[in-house]
Amino acid sequence: MIKVGVIGATGYAGQQLVWILNNHKEVKIEFISSYSNAGENMGEVYANYKKYFEKKLISQEEAEENFGKIDVLFLALPHGLSEKMTKKALENNVKVFDLGADFRLDDLETYEKWYDVKHEFPEINQSAVYGLPELNRGRIKESQVVACTGCYPTSAILGAAPLLKNKVVKTDKIIIDSKSGVSGAGRSAKIDTIFTEVNENFKAYGVLKHRHTPEIKQEMDKLSESDMNVVFTPHLLPINRGLLSTIYLEVNEKWKESLTEEKIYEIYNDFYKNEYFIRVTENLPEIKNVKNSNICEIGVRYDSKTGNIVVISAIDNLIKGAGGQAVQSMNIMFELEENMGLEFLSMYI
Ligand SMILES: NC(=O)C1=CN([C@@H]2O[C@H](COP(=O)(O)OP(=O)(O)OC[C@H]3O[C@@H](n4cnc5c(N)ncnc54)[C@H](OP(=O)(O)O)[C@@H]3O)[C@@H](O)[C@H]2O)C=CC1
Ligand SMILES: CC(=O)N[C@@H](CCC(=O)OP(=O)(O)O)C(=O)O
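Residues numbered from 1 in each chain as written. Chains lettered and ligands numbered in written order. Predicted model: local features only at pLDDT ≥ 70, side-chain atom pairs only at ≥ 80, totals over all residues.

**Observations regarding the site of ligand 1**
Move 1: Taken together, 29 residues surround ligand 1, and among them Gly11, Tyr35, Gly100, Gly186 and Arg187 come closest.
Move 2: Of the residues in the shell around ligand 1, the class split is eleven nonpolar, 17 polar and one charged.
Move 3: When residues of the shell around ligand 1 are assigned to domains, at least three map to each of domain 1 (2-127) and domain 2 (152-317). (Near = placed C-beta within 6 Å. Nonpolar A, V, L, I, M, F, W, Y, C, P; charged D, E, K, R; others polar. Domains from an automatic or database assignment.)

In structure tokens form, the structure reads like this:
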């Protein structure tokens, strides 16, 4: 059994992760930890856990005392708070899966600029592996620290990867227009996410300055082997969970003569042919098709007259965008079936 601890278990991402881990047949949860609810049972914080998982939440200090008992530590904390915990975990020979952004950016100057936090452990950052299983499986297997991909970047990068890797599109501008359910903003109270602000509303936010822009660019640059110009605009949807990205690209001169929509589908189907969690679909992806699952659904349309390609990519932000993807990476690292513990029902409505 893999012995795990979860810090930040009471956040939206953390509680989803704990549910998945508790149903994983090769995992034993040694401890769960909370900042403001230490001493309470998980079922007291989230009533859906009552009867099924009544473990007591411990403080971060107690959690640290228990690092010797675990093989794996999951961190689901606000950004900037995972660095020190990761350092301590590594000193105890514990593998770390960070759901936050502390180790996602290769370049620390970029990280410090976009997150306004000084990185204290550059050497850990250097050794951390970007946790997008479909693109980085080999490195995840060998790593000590997995920097799990952010929710918006998961949908954007998976959506565009086949076209970028095969150098089918121009890279001077890619537009990613994404919409997320409100759970993406976490559980802590903020005016922007109260019912009356979100209900019957739809708005863009973080325009041209959202912190996921450099993360998306970093991985797209690697795929396309170029210096990409990424325009990323997130929007807040009046739903609890789910995230859909619409990605606008343009075919390049080399491919313009020969490209058809059928060919694009051939490229996608080939690129993702061995991927359990990617569903390339002729229908346009919808959030209801992926909600409560670890699936990323991708559909494409192409207009040969203008050369415009539109890719739609949908995920559940709390599962493929957070807890599910982290467990997928853990399964890879421990050489388990990649879908172990992740074969949930997808509830269409
Ligand atoms: N929500 C999502 O869709 C996704 C989230 N993530 C990432 O996961 C991480 C957690 O996000 P999310 O669950 O949404 O956020 P929440 O605000 O819902 O949860 C934050 C968690 O961190 C704990 N916490 C808050 N402040 C502190 C502190 N000062 N010291 C220690 N612990 C603290 C909270 O504890 P307590 O509840 O006890 O106060 C809670 O467990 C973030 O890095 C986020 O970017 C990644 C992908 C998707
Ligand atoms: C709707 C909403 O507010 N979403 C969050 C991003 C979700 C998230 O948790 O960020 P990571 O994927 O980097 O961990 C935001 O825009 O900041």
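**As for the sheet that holds strand E13 (residues 296-303)**
Move 1: Strand order across the open sheet formed by seven strands is E9-E10-E8-E11-E14-E13-E12, with mixed pairing between neighbours. The open sheet is flanked by strand E9 (203-204) and strand E12 (278-280), the only strands paired with a single partner.
Move 2: Pairing of strand E8 (residues 174-180) with strand E10 (residues 230-236), which is carried by seven bridges, proceeds in the parallel orientation. When the sheet's bridge partners are listed, Ile175 is paired in E10 with Val231.
Move 3: Along the sheet, helix H10 (residues 212-224) contacts E8 and E10; its crossing angle with E10, the most-contacted strand, is approximately 135 degrees. (Pairing = 2+ DSSP bridges. Helix = DSSP H or I, 4+ residues; strand = E, 2+ residues; numbered from the N terminus. Contact = placed C-beta atoms within 7 Å. Axes fitted to C-alpha atoms, helices over the stretch in contact; angles between N-to-C directions.)

**Digging into the sheet that holds strand E5 (residues 95-98)**
Move 1: In spatial order, the strands read E3-E2-E1-E4-E5-E7-E6; together these seven strands make up an open sheet with parallel pairing. In this open sheet, the two strands that pair with only one neighbour each are strand E3 (57-58) and strand E6 (129-131).
Move 2: Where strand E2 (residues 27-33) lies against E3, two bridges are found, and the strand directions are parallel. In the strand pairing of E3, Ile32 is matched with Leu57.
Move 3: This element, helix H7 (residues 133-142), spans E6 and strand E7 (145-148) of the sheet and lies at about 130 degrees to E6.

**A look at the UniProt feature "domain: Semialdehyde dehydrogenase NAD-binding" (unreviewed entry) in the chain**
Move 1: Per the UniProt record, "domain: Semialdehyde dehydrogenase NAD-binding" (unreviewed entry) is found at residues 3-143.
Move 2: Taken end to end, residues 3-143 is 39% helix and 18% strand, and its first and last C-alpha atoms sit 17 Å apart. (UniProt positions renumbered as here; feature names shortened; annotations may be inferred.)

**Thoughts on unusual backbone geometry**
Move 1: Of note in the backbone geometry, Lys51 takes a positive phi value of approximately 80 degrees without being a glycine.
Move 2: Since 8 C-beta atoms lie within 10 Å of it, Lys51 is described here as exposed.
Move 3: Although it is not a glycine, Asn93 adopts a positive phi angle of roughly 60 degrees.
Move 4: With respect to the helices and strands, the residue Asn93 is situated in the loop between helix H4 (82-91) and E5. (Buried ≥ 20, exposed ≤ 12 C-beta atoms within 10 Å, placed from the backbone.)

**A short note on the packing of helix H1 (residues 12-22) against helix H13 (residues 319-333)**
Helix packing geometry: the angle between the two helix axes and the distance between the axes.
Move 1: Close contact between H1 and H13 brings their axes to 9 Å; oriented N to C, the two are set at 40 degrees. As judged from the angle between their axes, H1 and H13 are oblique. In this structure, H1 meets H13 at a crossing whose hand is right-handed. The segment H1 lies against H13, with Ala13, Gln16, Leu17, Ile20 and Leu21 engaging Ile319, Ala322, Gly323, Gly324, Ala326 and Val327. (Parallel < 35°, antiparallel > 145°, perpendicular 65-115°, else oblique. Left-handed = near helix turned anticlockwise from the far one by under 90°.)

**Some points on the site of ligand 2**
Move 1: The environment of ligand 2 is made up of Gly100, Ala101, Gly150, Cys151, Ser180, Gly184, Ala185, Pro234 and Leu236.
Move 2: In terms of residue class, the shell around ligand 2 is made up of five nonpolar, four polar and no charged.

**A short note on the pairing of strand E14 (residues 308-315)**
Move 1: With six of its eight residues buried, E14 lies for the most part within the structure.
Move 2: As defined by bridge partners, strand E11 (residues 243-250) adjoins E14 across eight bridges and the pair is classed as antiparallel. Within the sheet, the bridge partner assigned to Ile247 lies in E14 and is Val311.
Move 3: Of the pairings in the sheet, the one linking E13 to E14 comprises seven bridges and is antiparallel in character. In the strand pairing of E14, Gly299 is matched with Ile312.
Move 4: Here E13 folds back onto E14, and the loop between the two strands holds four residues, one of which, Gly307, carries a positive phi near 80 degrees.

**Thoughts on the nonpolar core**
Move 1: Counting residues in each nonpolar core, the largest one holds 93 residues, and the members touching the most others are Val6, Leu17, Phe74 and Ala160.
Move 2: The leading source of residues in this core is helix H8 (residues 151-165), at nine residues.
Move 3: Residue-level mapping places this core at the junction of two domains, with at least three residues from each of domain 1 (2-127) and domain 2 (152-317).
Move 4: Residues in contact with Val6, not counting those within four places in the same chain, are Gly14, Leu17, Val18, Leu21, Ile29, Ile32, Ser33, Phe74 and Ala76. (Core = buried A, V, L, I, M, F, W, Y, C linked by C-beta atoms within 7 Å.)

**Digging into the domain arrangement of the chain**
Move 1: Partitioning the chain into structural domains gives domain 1 (2-127) and domain 2 (152-317).
Move 2: Taking the mean C-alpha position of each, domain 1 and domain 2 sit 27 Å from one another.
Move 3: At the interface, nine residues of domain 1 touch seven residues of domain 2.
Move 4: Top contributing element to the side of domain 1 that touches domain 2 by residue count: helix H5 (residues 108-115), with three residues.
Move 5: A breakdown of the residues in the side of domain 1 that touches domain 2 according to their chemical character gives five nonpolar, two polar and two charged.

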